[in-house]
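Examining the three-dimensional arrangement
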Amino acid sequence: MRRARIGVLALQGDFAEHTAALREVGAQADPVKHPEDVAACDALVIPGGESTTIGRLCERFGVGDAIRDLHRRGAPLWGTCAGLILLAKEIVDSDQWRLGLLDAEVARNAFGRQVDSFEVDLPMQGVDDGPVRAVFIRAPYVTRVWGDTQVLATFEDKIVAVREHNLLGIAFHPELTDDRRVQQYFLSMLE
Ligand code: GLN
């Protein structure tokens, strides 16, 4: 069997870090930004960055439907931070462009100005051998889930990691630490 191709949506944000982190665990990962490149992937990461900018660029590059097709085919999709916002069906007080795939509502910049960025150790369901170091940067959190969406991690009662079948949404940035267990978890969704 050929190796799975992991695309990292490279329109804006920290796609280089995601690509490097996935390569560290032996995955074949490449930045993608055109619909035909997205369509050729077996799994896709939507990185952190600025969700309104990434959304605008998704429209400009016309990749939204290619990503929705991947989802329909059952390919694992993983959004971190801005990527989580773009996956969600509902965004509090926003009509910004989104993929709208994940049965969840998110609030942007939800931890408040005073705590722009911070790090904590969080246990995450499905990730063994202790908590993961979670780096939050102007992070959203999930305010509501429904349907088949499962909560994988919370911080102070706020939902910060979720999974719905082939969708993984994480409010923090595993690509910015040197722990690769969350990448391994995502790759296991290919099986
Ligand atoms: N605050 C950003 C947004 O709303 C997300 C921040 C991030 O991806 N680090 O899009």
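Residues numbered from 1 in each chain as written. Predicted model: local features only at pLDDT ≥ 70, side-chain atom pairs only at ≥ 80, totals over all residues. Heavy atoms only, no water.

With that settled, consider the packing of aromatic side chains. Applying the stated criterion to the full structure yields 9 aromatic pairs. Both rings, one in Phe 111 and one in Tyr 141, keep their centres 5.1 Å apart while their planes meet at 65°; by these two values the pair is edge-to-face. One end of the pair, Phe 111, is in the loop between β6 (102–107) and β7 (117–122); the other, Tyr 141, is in strand β9 (residues 141–145), and 30 residues separate them in sequence. Exposure class is identical for Phe 111 and Tyr 141. Each is buried. Clustering of aromatic rings is evident, with ring pairs tying together Phe 111, Phe 118, Phe 136, Tyr 141, Phe 155 and Phe 172. (Phe/Tyr/Trp six-rings, centres within 6.5 Å; stacked < 30°, edge-to-face > 60°. Helix = DSSP H or I, 4+ residues; strand = E, 2+ residues; numbered from the N terminus. Buried < 20%, exposed > 50% of the residue type's maximum accessible area, 1.4 Å probe, protein only.)

Time to look at the nonpolar core. Of all hydrophobic cores here, the largest spans 66 residues; its most connected members are Ile 6, Leu 9, Met 124, Phe 136, Val 160 and Phe 172. The greatest single-element share of this core, amounting to 5 residues, is contributed by helix α5 (residues 82–87). Sequence-distant contacts of Met 124, defined by excluding residues within four places in its chain, comprise Val 132, Leu 152, Ala 153, Ile 170, Phe 172, Val 182 and Tyr 185. (Core = buried A, V, L, I, M, F, W, Y, C linked by side-chain atoms within 4.5 Å. Contact = heavy atoms within 4.5 Å.)

Let us now look at the side chain of Thr 80. For Thr 80, the location among the structural elements is in strand β4 (residues 77–80). For Thr 80, a relative accessible area of 0% translates into the label buried. Polar side-chain contacts of Thr 80 include one of 3.3 Å to the backbone nitrogen of Gly 48. If sequence neighbours within four positions are ignored, Thr 80 has contacts with His 18, Ile 46, Pro 47, Gly 48, Ile 170, Phe 172, Pro 174 and Glu 175. (Polar contact = N/O pair within 3.5 Å; in protein donor to acceptor, adjacent residues only side chain to side chain.)

Every residue near the ligand is listed here: Gly 48, Gly 49, Glu 50, Ser 51, Cys 81, Ala 82, Ile 85, Arg 108, Asn 109, Ile 137, Arg 138 and His 173. Backbone polar atom of Ser 51 to an oxygen atom of the ligand: 2.6 Å apart, as the coordinates give it. Within the side chain of Asn 109, an N or O atom sits 2.6 Å from a nitrogen atom of the ligand. Protein coverage of the free-state accessible area of the ligand, which is 300 Å², stands at 97%. Here the ligand is seated within the largest pocket. Partitioned by chemical class, the residues of the shell around the ligand number 4 nonpolar, 5 polar and 3 charged. (Near = heavy atom within 4 Å. Areas by Shrake-Rupley, 256 points an atom, 1.4 Å probe, with all protein chains shown as cover. 1 Å grid on protein atoms, 1.4 Å probe; cavity = no way out; pocket = protein on both sides within 12 Å on 5 of 7 lines; lining within 4 Å. Sits in = over half its atoms within 2 Å of the grid points. Nonpolar A, V, L, I, M, F, W, Y, C, P; charged D, E, K, R; others polar.)

Inspection of every chain in the model, using the stated rule, returns 10 salt bridges. Among the ionic pairs, Arg 23 bridges to Asp 30, the shortest N-O distance being 3.0 Å. With a closest N to O distance of 2.7 Å, Arg 108 and Glu 50 form a salt bridge. Taken together, the residues span a long stretch of sequence, with Arg 108 in the loop between β6 and β7 and Glu 50 in the loop between β3 (43–46) and α3 (51–61) at a distance of 58 residues. A relative accessible area of 28% means that Glu 50 is categorised as partly exposed. (Salt bridge = Lys/Arg side-chain N within 4 Å of Asp/Glu carboxyl O.)

Attention now moves to the layout of surface pockets. Of the pockets and cavities examined, the largest pocket occupies roughly 200 Å³. Along the wall of the largest pocket there are 14 residues; nearest its centre are Gly 49, Glu 50, Cys 81, Ile 137 and Arg 138. Its residues assigned to classes, the lining of the largest pocket shows 5 nonpolar, 5 polar and 4 charged. (Points joined across faces, edges and corners; volume = space filled by probe spheres on them.)

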